[in-house]
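Remarks on the overall topology
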Amino acid sequence: LKLEDKSYNDLAKSHGLYGSDTKVIVLNVTNFKKSVYGTSNAWLVEFYNSWCGACQRFAPMWSNLAADVHDWRDVIKIAALDCADDDNNPFCREYEIMHYPSLRFFSANSKVGILGTEVEKGKTEEDIRHNLVHFLKKEQLEGRGSNWPNIIPYRSNDVLNLWKNVPESTRFAFLIFEEKESYLGTEVILDLHSIKNIQIRRVINENEALCKLMGVFTFPSLVVLERSQNVFPLKVEENSRVLFCKQIKSFLQEHKVLLPENIGNPIAYSSSTKSIVSTKQREHFENAVEQFGLVFQVDLENTIQYSLKSEIPVRKFISGHPLEALKKYLSVLVKYFPTYARGRMFLEKLKFKVQDLSTLKGQIFLEIVESLEAEMKPVFSNSDGWLGCKGSEKRYRGYPCGLWITFHTLTTNAVIENGNDPNFNSLEVLEAMLGYITHFFGCQECSRHFQEMAEKSMRQNVTSPEQSVLWLWSAHNMVNKRLVADLTEDPQHPKVQFPTEKACPACRGPDGRWITEQVLAYLKQMYSRHSIVHVGVMENQRVENVAKADTLHVQAKLIGTGMNYKIGMVDKKRLGWNFNIFDISLCVVLYAGSAVILILVFIKFIVRKRYRKKAYIHDLLGKV
Ligand SMILES: Cc1cc2nc3c(=O)[nH]c(=O)nc-3n(C[C@H](O)[C@H](O)[C@H](O)COP(=O)(O)OP(=O)(O)OC[C@H]3O[C@@H](n4cnc5c(N)ncnc54)[C@H](O)[C@@H]3O)c2cc1C
């Protein structure tokens, strides 16, 4: 497949975090195998998830790297694949992508079935580039990449050997003398390899004879040899890749060697790593919808759908601790996830099918979920997208927001419904959440932070039902605090200490300290299953347990926010045999209508009969 880099991105249906303005090649389930396998260049692919904060923060670095090594593209291509895209998700399972972002190196000419080698992300773009150089050197040492520029050090002490096996037209040989561990020589070779009629080779300081011969005693150093045996030592002010490239290029320009345009000038991709939330937006937010704390049923359902159909099945095998965590997660969903009758039955059956297993494949779990869903549909509302968790752009909010509100809903409803039970386990939902976040949540960085928080204070502090709700609230606020002004912060939904002062004036004392009883009351009110907004729920879903009072309460809230939503279905209480008030009313109306029609027909019949009788008598009298 000989596509220019730009064409890959033009063909891609969705770009995820990488638009057409970057040099990152967008791969997907359709083009991945055709592109990556059997090519003369190697590939470095980022498997990421567009909702994952760590991936969003990593994206500018990845784009920078792709721009930086763009001149190496016939040796290595830099690409990315979005595992959050539903089409790509099974593919990420096949490649056993357990966390995001994951970097995989694919050798030149690799065969289909090779899953790539994990590459360390490091902390900086330079770290990844150096790791990449390691991989490329290894490739060539193992005999691959024979058509690549030679990055193996020149070991001979006879410079005449430099001119063997190179085309006649090669005029200059640049020797970069450096220490064994240095990356500079390889990088310069790769940067400038498309310049014709020259060769650039590394000489390491262990080749003492050649160093002596060339009079090189400091490393790195640059020496040029002409075929005619002229030798020019070139002075480079700093040991930098850019300056070495610059020096070689200016030497070549002086000697009238034609240079390809823009060669050896890595174009930096500029992207801010800071949030673009202005102070004004932060202030404006104080007055915005969010402060009313609405929780939408479709967001909760979207969350567990993503978790059950994408996040859990991405694991190839689930056993041991992850399987235990899955069982606990399903158990709390069955108990406390607010859903309709079919949803509840679906969760119960799912839990039942998993509870006795000692090992499970991710793919099998997905099949169980899908077959139960097909058997019992409609199970979910199948809305088009997020409502409360909708971001101002696709990369913001969504699933992680949904996961937070789902777990707040579970902890709160557990306490509201069973908190008075003397056998109530205050840690049950939190332990289930911790297990889920530890073993399944794709955002590795979030998972690590959450585990650290739990380790520090969860089991110690949560000694009563109410404390489970408050612990999660305070843990979430710690994350909010850490993410203020972060790149992942949605400008329309700045990170705040929750609830805002405006939303809950009673939640803070005069000194600004939290009044936890008030916070608890606020959270119980917001996350109670009775407050959940059933907007956007499919017509054939039936809303249970939502009393008229709640409907009015929600309506009032929505009116207060100025949101233009219709409250559908909310006040339709269910009756037996799947009939609701609407069905019954329709029957009564039809019944009454048909009775009226029958009466009218009857009257018409009587009137006509009388009229005919009269006409007959009249006729008879006339004849007489
Ligand atoms: C367990 C977990 C750990 C995470 N850790 C990290 C991390 O370490 N680094 C990172 O970059 N991202 C992390 N994330 C993602 C991050 O916290 C946000 O979810 C993401 O940035 C989306 O933010 P958001 O604006 O939608 O609001 P979110 O923070 O997702 O909040 C969703 C909704 O919850 C409500 N809410 C907010 N705060 C509270 C509170 N204290 N108590 C109750 N309700 C509240 C609000 O209505 C808000 O809209 C984590 C996510 C989860 C689920």
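Look above for the structure.
What you see is a predicted model, and the numbers here were worked out from it, not measured in a lab. (Residues numbered from 1 in each chain as written. Predicted model: local features only at pLDDT ≥ 70, side-chain atom pairs only at ≥ 80, totals over all residues. Heavy atoms only, no water.)

1. Regarding the overall build of the protein chain
Within the protein chain, the regular secondary structure consists of 20 helices and 11 strands. Sorting the 624 residues of the protein chain into buried and exposed places 50% on the buried side. Of the contacts formed within the protein chain by residues at least 6 apart in sequence, a portion of 73% connects residues at least 24 apart. Counting only carbon and sulfur atoms, one obtains 55% of the accessible surface of the protein chain, whose full area is about 31,800 Å². (Helix = DSSP H or I, 4+ residues; strand = E, 2+ residues; numbered from the N terminus. Buried < 20%, exposed > 50% of the residue type's maximum accessible area, 1.4 Å probe, protein only. Contact = heavy atoms within 4.5 Å. Areas by Shrake-Rupley, 256 points an atom, 1.4 Å probe, with all protein chains shown as cover.)

2. Digging into the packing of aromatic side chains
Tallying each qualifying case throughout the model produces 28 aromatic pairs. Considering the side-chain rings of Phe 174 and Phe 251, the 5.7 Å spacing of their centres and the 90 degrees angle between planes classify their relative orientation as edge-to-face. Taken together, the positions of Phe 174 in strand 6 (residues 172-178) and Phe 251 in helix 8 (residues 241-254) put the pair 77 residues apart, joining distant regions of the chain. We note that Phe 174, like Phe 251, is buried. Ring-pair connections join several aromatic residues into one group, and the members of that group are Phe 32, Tyr 37, Phe 47, Phe 91, Tyr 95 and Phe 106. The lysine or arginine in question, Arg 104, covers the ring of Phe 47, its NZ or CZ lying 6.0 Å from the ring centre. (Phe/Tyr/Trp six-rings, centres within 6.5 Å; stacked < 30°, edge-to-face > 60°. Lys NZ or Arg CZ within 6 Å of the ring centre and 35° of its normal.)

3. Overview of the environment of Tyr 399
Note that Tyr 399 resides in helix 14 (residues 399-418). Sequence spacing of Tyr 399 and Trp 51 is 348 residues, and the spatial spacing of their C-alpha atoms is 6.8 Å. Look past the residues within four positions of Tyr 399 in its chain and what remains in contact with it is Trp 51, Thr 303, Tyr 306, Ser 307, Glu 311, Trp 386, Tyr 436 and Phe 441. Within polar-contact distance, the side chain of Tyr 399 engages the side chain of Tyr 436 at 3.2 Å. (Polar contact = N/O pair within 3.5 Å; in protein donor to acceptor, adjacent residues only side chain to side chain.)

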